[in-house]
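Notes for the structure review
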Amino acid sequence: MDCFVIHWRFLTAVLSCCLLISGGSAENDSKPNILLIMADDLGIGDLGCYGNDTIRTPNIDRLAKEGVKLTQHISAAAFCTPSRTAFMTSRYPIRSGMASESSVPVILWNAASGGLPNNETTFAKILQKQGYTTGLIGKWHLGVNCENRTDHCHHPLYHGFDYFYGLPYTLVSDCRPGLPSEIMPKLQDELLFLNQVIGLGLLSLILGRLAGLLPVGWKVIGLLSFCGTLCFLSWYIPFGLFRQWNCIIMKNNDVIEQPFEIEEASNDLLQEAINFIERNKERPFLLYFSFMHVHTPLSEDKRFAGKSKYGQYGDTVEEMDWIIGEITDSIKRLSLENKTLVYFTSDHGGHLESRQMGKQTGGWNGVYKGGKGMAGWEGGIRVPGIFKWPGVFQAETTINEPTSLMDIYPTVVSLAGGTLPEDRTIDGRNLMPLLLGRTHRSEHEFMFHYCGSYLHAVRWHPKNSDAVYKAHYVTPIFSPEGAVGCYNTRYCMCYGPGVMHHDPPLLFDISVDPSEMHVLSPQTEPKYYNIIKQLQAAVEEHNNTLTDVPKQMSFYNVIWKPWLQPCCGTFPFCSCSKNSEMHSADDPN
Ligand SMILES: *[C@@H]1O[C@H](CO)[C@@H](O)[C@H](O)[C@H]1NC(C)=O
Ligand SMILES: *[C@@H]1O[C@H](CO)[C@@H](O)[C@H](O)[C@H]1NC(C)=O
Ligand SMILES: *[C@@H]1O[C@H](CO)[C@@H](O)[C@H](O)[C@H]1NC(C)=O
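Given the structure is predicted, the values throughout are model-derived calculations rather than measurements. (Residues numbered from 1 in each chain as written. Chains lettered and ligands numbered in written order. Predicted model: local features only at pLDDT ≥ 70, side-chain atom pairs only at ≥ 80, totals over all residues. Heavy atoms only, no water.)

Notes on the site of ligand 3
Around ligand 3, a shell composed of Arg 91, Asn 119, Glu 120, Arg 424, Asp 548, Val 549 and Pro 550 is seen. Contact with the protein chains removes 55% of the 360 Å² of surface that ligand 3 exposes when unbound. Here the shell around ligand 3 is built from residues that sort into two nonpolar, one polar and four charged. (Near = heavy atom within 4 Å. Areas by Shrake-Rupley, 256 points an atom, 1.4 Å probe, with all protein chains shown as cover. Nonpolar A, V, L, I, M, F, W, Y, C, P; charged D, E, K, R; others polar.)

Below you can see the structure in the form of structure tokens.
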């Protein structure tokens, strides 16, 4: 009897196991691979398929030609960290505490304690549960640690990625020795000046004492020197050693390059992407390829230097396009094209104020006003959005409806057969009906445009109308006067003396005035008062959905904390290069 029971159990186990395997693989066949490509700081006007006639981007143009091009694709923020938070969570960054109240809009170092909170559910996490192999290759910029150097509480592996190779932080000019710093340059200058003053003061004090001219005790001088040294270190350690701390490459949980060499890292990322696709060609995979291009410092890769008609910035865009070509070629080579959805976007608009030695080093936002850092003006948030999936999406399709980067989440979750979290607000909408041409209306009636945690503007696409109204409640004050941009401070402010409040708001209809040049008034727009009222009501309704959450970008969370510093070797002597450990790095993965 016992024996029979055991046998019976064994049999059912084997049977259900077989059923699971076959059922599982049949199901997997219907799940497309997902390749998401995100550029950094790329302007919508930098691409051929969005109207640029000087820069050559044949590979991106081909994606658009063979797929769907979105012309009103909107990022939830005009800075990296909050925009990427919204992308990963499908929620306005203020909901997860990733929207800043201060003048620091992004995570500044690997050793900050702020980052994507544990209880946020990324789409990668859901796809992982749906049987996908998930990989992030490239830039993360959503934090690393909470309490110690290795807890990795904000790390990509914690947030649903099976594989991570890339920059836990971002590329910045400070990663290339010899370029002017991008990290709080003003504060750095002030600290440097303060240190020089203290140094000189101390020197004169010591000389004066030695010459017997100043009646100060050596104890006092010692104490002052001690304080002076502390002051010096508080500048030198975080800023002077910035590259060593932050320009690093991690492979899964390990730091493998500290600091990295930019062109080499760029090649490694491409190779890693191709390897990931090859390793996973038999199963559904999610690859999020997050470029460090076209953020400064611009590329100095010899293969592209001087090739574009638009200086080093153009060269960098063309290199990025070439990389996309290499990745999509590998999909083709492995005959995965028809079961792979490819998506391309940029995290926000181009950086107008980015200039080095008189040359433009930031992107171009076409006809749209403003750029990176300006959350209300269209140039800061309207980005390229391209989908390709041969045989599923009609080629050469253009969609002008408002869509959001936050829509990627519900879209890929539905393709993977997963379900959205039900215990929280999800701001994105499934794009499949639009992409398949089953509907011609976006589900987004209102969109909220935040600068840090400050609401600057609201967009309204009224049902049964082609109009797209945008009301600006707050706008940045441009400088110098007459410029579009904040050239005196490099970035525009989100609040305080750097902004202007508008009551009534500045109202535009961007469906006919995409450059936001003609402010509507009760004289020019008969429905003016009604529109303003509707928008105000939408803001109130939206505000009611916000809750108090821990602030990931608080002063405490953004400062550099030595005990959180990712490091290879023994802290504080962090340094390593991939080549030096080539032999041991036999990669079974
Ligand atoms: C193409 O891009 C470059 C560089 O970003 C820009 O200066 C130029 O104005 C763009 N051309 C067009 C036609 O948009
Ligand atoms: C991919 O789909 C297209 C369009 O349906 C079809 O013409 C092509 O033959 C397919 N390619 C492969 C490799 O199945
Ligand atoms: C995550 O935890 C914080 C702190 O407890 C809480 O305020 C927030 O609502 C939680 N978020 C979600 C999505 O559950």
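Digging into the sheet that holds strand β14 (residues 446-451)
Pairing within the open sheet is antiparallel, and its four strands lie in the order β14-β15-β16-β17. Looking at which strands have only one partner, the edges of the open sheet turn out to be β14 and β17 (499-509). In this sheet, neighbouring strand axes are inclined to one another by 20 degrees on average, regardless of whether the strands run parallel or antiparallel. Bridge count for β14 against strand β15 (residues 454-460) is six bridges, and the pairing is antiparallel. Along β15, the bridge assignment pairs Cys 451 with Tyr 454. (Pairing = 2+ DSSP bridges. Helix = DSSP H or I, 4+ residues; strand = E, 2+ residues; numbered from the N terminus. Axes fitted to C-alpha atoms, helices over the stretch in contact; angles between N-to-C directions.)

Points about the side chain of Thr 411
Looking at the element boundaries, Thr 411 is found in helix α11 (residues 408-415). In this structure, Thr 411 is in contact with Arg 429, Asn 430, Leu 431 and Met 432, ignoring residues within four places of it in sequence. (Contact = heavy atoms within 4.5 Å.)

Here we look at the state of the cysteines
Going through the model one piece at a time under the given rule, you end up with six disulfides. Between the sulfur atoms of Cys 175 and its disulfide partner Cys 247 the distance amounts to 2.1 Å. With the S-S dihedral at roughly -85 degrees, the linkage between Cys 175 and Cys 247 falls on the left-handed side. Separated by 72 residues along the polypeptide, Cys 175 in the loop between β4 (163-167) and α5 (185-210) and Cys 247 in the loop between α7 (242-246) and β5 (249-251) bring together distant segments of the chain. (Disulfide = S-S within 2.5 Å.)

Topic: the side chain of Ser 96
Relative to the helices and strands, Ser 96 resides in the loop between α3 (80-89) and α4 (123-129). Beyond its immediate chain neighbours, meaning those up to four positions away, Ser 96 contacts Thr 85, Pro 117, Glu 120, Val 549, Pro 550 and Gln 552.

Section: the packing of α5 against helix α6 (residues 218-240)
It is at 10 Å that the axes of α5 and α6 come closest, and there the two elements cross at 155 degrees. On the basis of their axis angle, the class for α5 and α6 is roughly antiparallel. Crossing geometry of α5 relative to α6 is assigned as left-handed. Here Leu 187, Gln 188, Leu 191, Leu 192, Leu 194, Asn 195, Ile 198, Leu 202, Leu 205, Ile 206, Arg 209 and Leu 210 of α5 lie close against α6, whose contacting residues are Trp 218, Ile 221, Leu 224, Ser 225, Gly 228, Cys 231, Phe 232, Trp 235 and Phe 239. (Parallel < 35°, antiparallel > 145°, perpendicular 65-115°, else oblique. Left-handed = near helix turned anticlockwise from the far one by under 90°.)

A closer look at the environment of Leu 241
For Leu 241, the position within the fold is in the loop between α6 and α7. Distance from Leu 241 to Met 432, taken between C-alpha atoms, is 47 Å for residues 191 residues apart in sequence.

Regarding the packing of aromatic side chains
Scanning the entire structure with this criterion turns up 29 aromatic pairs. Judged by centre distance (6.0 Å) and plane angle (55 degrees), the rings of Tyr 92 and Tyr 450 are tilted. One end of the pair, Tyr 92, is in the loop between α3 and α4; the other, Tyr 450, is in strand β14, and 358 residues separate them in sequence. The buried category is assigned to Tyr 92, whose relative accessible area is 6%. (Phe/Tyr/Trp six-rings, centres within 6.5 Å; stacked < 30°, edge-to-face > 60°. Buried < 20%, exposed > 50% of the residue type's maximum accessible area, 1.4 Å probe, protein only.)

Brief notes about the environment of Arg 424
Within the secondary structure, Arg 424 sits in the loop between α11 and α12 (432-435). Filtering out sequence-adjacent residues up to four positions away, Arg 424 remains in contact with Arg 91, Asn 119, Glu 120 and Thr 121.

Quick word on the pattern of salt bridges
A complete count under the given rule lists 26 salt bridges for this structure. Across the pair Asp 347 and Arg 84 runs a salt bridge, and its minimum N-O distance is 3.0 Å. Taken together, the residues Asp 347 in the loop between β8 (340-346) and β9 (355-356) and Arg 84 in helix α3 connect sequence positions 263 residues apart. When its relative accessible area of 0% is taken as the criterion, Asp 347 is described as buried. (Salt bridge = Lys/Arg side-chain N within 4 Å of Asp/Glu carboxyl O.)

Describing unusual backbone geometry
Omega for the bond connecting His 293 with Val 294 falls within 30 degrees of zero, at 0 degrees, which places this linkage in the cis form. In this fold, Val 294 is placed in the loop between β7 (285-290) and α9 (311-333). Cis geometry is adopted by the peptide bond preceding Pro 504, which originates at Asp 503 and carries an omega value of 5 degrees. Phi angles above zero are rare outside glycine, and Ser 90 is one such case at about 60 degrees. Overall, Ser 90 belongs to the buried group, its relative accessible area being 0%.

Overview of a nonpolar patch on the surface
A cluster of nonpolar side chains, Leu 200, Leu 203, Leu 207, Leu 210 and Trp 218, forms an exposed patch at the surface whose accessible area comes to about 560 Å². Per-element tally for the nonpolar patch: the top contributor is α5, with four residues. Overall, Leu 203 belongs to the partly exposed group, its relative accessible area being 49%. (Patch = residues over 30% accessible without salt bridge, like charges linked within 9 Å, V, L, I, M, F, W, Y side chains within 5 Å.)

Considering helix α2 (residues 58-65)
Among the residues of α2, those classed as buried are Asn 59, Ile 60, Leu 63 and Ala 64. Along the long axis of α2, the arc covered by the buried residues comes to 145 degrees, so they all point the same way. Contact partners of the buried residues in α2: β2 (68-74), α9, β8 and β11 (382-388). (Arc of directions from axis to C-beta.)

Some details on the nonpolar core
The nonpolar side chains of a soluble globular protein tend to be buried with one another. Ranked by size, the top nonpolar core spans 115 residues in total, and within it Phe 87, Met 320, Phe 344 and Phe 387 carry the most contacts. Sort the elements by how many residues they give to this core and helix α8 (residues 262-279) lands first, with eight residues. Ranked by size, the runner-up nonpolar core spans 30 residues in total, among them Met 406, Leu 507, Leu 520 and Ile 532. (Core = buried A, V, L, I, M, F, W, Y, C linked by side-chain atoms within 4.5 Å.)

Re α8
Compared with an ideal rise of 1.5 Å per residue, which puts 18 residues at 26 Å, α8 spans 25 Å between its outermost C-alpha atoms and is within 8% of the ideal. Those residues of α8 that fall on the buried side of the exposure criterion are Ile 262, Glu 263, Ala 265, Ser 266, Asp 268, Leu 269, Leu 270, Glu 272, Ala 273, Ile 274, Phe 276 and Ile 277. (Expected span 1.5 Å × (residues − 1).)

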